[in-house]
Amino acid sequence: MGSANKSSTARKARIEEMRRAEQSRERRNRILVIAASVVVVCGLVGGGVVLVRSQSDDGGSDTAAASDTSGKGKFVTGKDGVKTWEGKLARNHVTKAVKYASEPPVGGDHNQVWMNCNGDVYTKELDNTNAVHSLEHGAVWVTYNADAKKADVDALAAKVKKTPYTLMSPMDDQKDPIMLSAWGHQRTVTGASDPNVDKFFEKFVQGEQTPEPGAACTNGLSQ
């Protein structure tokens, strides 16, 4: 009987010891889980701070380098009156504003989304970075300022609307009333009846200058 009691007491002692050991393991595991969670949270917070700081640093300037290699190229005017950019025109996709060497620009780094240019006529100024992408696809861009005659604007709009790979928009800062631009090429025209309008369209709409011939002028950005 005494032996049985001793055995029972020993068993209880072992069970209690095992229970204490299990509780101890659980406490250690909880501590490890909490510690790991703290490390993860600290890492996320630290990463967030770095990200915010990085974004803040990036946001310090919203202008990319002059992507049409301003200072490393120039316009040369041909006998036909068309100005051709002599110099490298970058073609990188960027998310920031770009400082171009001309207004309107004729190429350079640009937004990854193009302006629709399937005979699209816009009544508000465009973001140059989107329009330049359209030029890369072989579009001709017709722009005009407040000095352009309404009759000419209306006639040019009608021409653009029936011509794939063209687009048109106002541009207050350009120096001449009506200008035509293609990738790497540009000219001023006197009005809608100027024969150079047709010549420019014929030569540069999907012309040999096109960096990406056949690329879409639809499914892009529209006002």
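Read on for an overview of the structure. (Residues numbered from 1 in each chain as written. Predicted model: local features only at pLDDT ≥ 70, side-chain atom pairs only at ≥ 80, totals over all residues. Heavy atoms only, no water.)

### Quick notes on the pattern of salt bridges
Okay, so step 1: Applying the stated criterion across every chain, the model contains 4 salt bridges.
Okay, so step 2: The shortest N-O distance in the salt bridge between E212 and R91 comes to 3.2 Å. With a gap of 121 residues between them, E212 in the segment after α4 (195-204) and R91 in the loop between β3 (83-86) and β4 (97-98) connect regions that are remote in the sequence.
Okay, so step 3: What makes R91 partly exposed here is its relative accessible area of 39%. (Salt bridge = Lys/Arg side-chain N within 4 Å of Asp/Glu carboxyl O. Helix = DSSP H or I, 4+ residues; strand = E, 2+ residues; numbered from the N terminus. Buried < 20%, exposed > 50% of the residue type's maximum accessible area, 1.4 Å probe, protein only.)

### Some thoughts on the pairing of strand β6 (residues 140-144)
Okay, so step 1: Within β6, 5 of the 5 residues are buried, which leaves the element mostly enclosed by the surrounding structure.
Okay, so step 2: Burial along β6 is two-sided: the face carrying V140, V142 and Y144 and the face carrying W141 and T143 are both buried.
Okay, so step 3: Where β6 meets strand β7 (residues 166-170), 5 bridges bridge the pair, whose relative direction is parallel. Across the sheet, V140 pairs through a bridge with T166, a residue of β7.
Okay, so step 4: In this region the chain leaves β6, passes through helix α3 (residues 150-161) and returns to the parallel neighbour β7; the handedness of that crossover is right-handed.
Okay, so step 5: Two elements, β6 and strand β8 (residues 178-182), share 4 bridges in a ladder whose sense is antiparallel. (Pairing = 2+ DSSP bridges. Right-handed = clockwise from strand over helix to strand, strands pointing away.)

### Digging into the packing of aromatic side chains
Note on aromatic pairs: each is described by the distance of the centres and the angle between the planes.
Okay, so step 1: By the definition in use, this model includes 2 aromatic pairs.
Okay, so step 2: Where F75 meets W85, the ring centres are 5.2 Å apart and the plane angle is 85 degrees; that geometry is what we call edge-to-face. You can see F75 sitting in strand β2 (residues 74-77) and its partner W85 sitting in strand β3, a full 10 residues away along the chain.
Okay, so step 3: With a relative accessible area of 23%, F75 lands in the partly exposed category.
Okay, so step 4: A ring pair is formed by F200 and F204, whose centres lie 4.6 Å apart and whose planes are at 50 degrees; its orientation type is tilted. On the criterion of helical spacing, the pair formed by F200 and F204 is a turn pair, its members being 4 residues apart in helix α4. You'll find F200 and F204 in the same group, each marked buried.
Okay, so step 5: The positively charged end of K83 is found above the aromatic ring belonging to F75, 4.7 Å away from the centroid.
Okay, so step 6: Stacked on the ring of F201, the Lys or Arg K159 has its end atom at 4.9 Å from the ring centre. (Phe/Tyr/Trp six-rings, centres within 6.5 Å; stacked < 30°, edge-to-face > 60°. Lys NZ or Arg CZ within 6 Å of the ring centre and 35° of its normal.)

### Thoughts on the sheet that holds strand β5 (residues 118-121)
Okay, so step 1: Reading across the sheet, the 7 strands line up as β2-β3-β9-β8-β6-β7-β5 and stay open at both edges, with mixed pairing between neighbours. In this open sheet, the two edge strands, each paired with only one partner strand, are β2 and β5. Put simply, the sheet's adjacent strands are angled 20 degrees from each other on average, direction ignored.
Okay, so step 2: Judged from the 4 bridges that link them, β8 and strand β9 (residues 185-188) form a sheet pairing that is antiparallel. Bridging from a neighbouring strand, S181 pairs with Q186 of β9.
Okay, so step 3: Lying on the sheet, helix α2 (residues 128-136) is in contact with β6, β7 and β8; it crosses β6 at an angle near 140 degrees. (Axes fitted to C-alpha atoms, helices over the stretch in contact; angles between N-to-C directions. Contact = heavy atoms within 4.5 Å.)

### Considering the pairing of β3
Okay, so step 1: Of the two faces of β3, the one lined by K83 and W85 is fully buried and the one lined by T84 and E86 carries no buried residue.
Okay, so step 2: With 4 bridges connecting them, β2 and β3 associate as antiparallel partners. In the strand pairing of β3, K74 is matched with E86.
Okay, so step 3: Between β2 and β3, which pair antiparallel one after the other, the connecting turn spans 5 residues, and G81 there sits at a positive phi close to 85 degrees.
Okay, so step 4: Bridge analysis of β3 against β9 gives 2 bridges, and the strand direction is antiparallel. Across the sheet, the residue bridging to K83 is Q186, located in β9.

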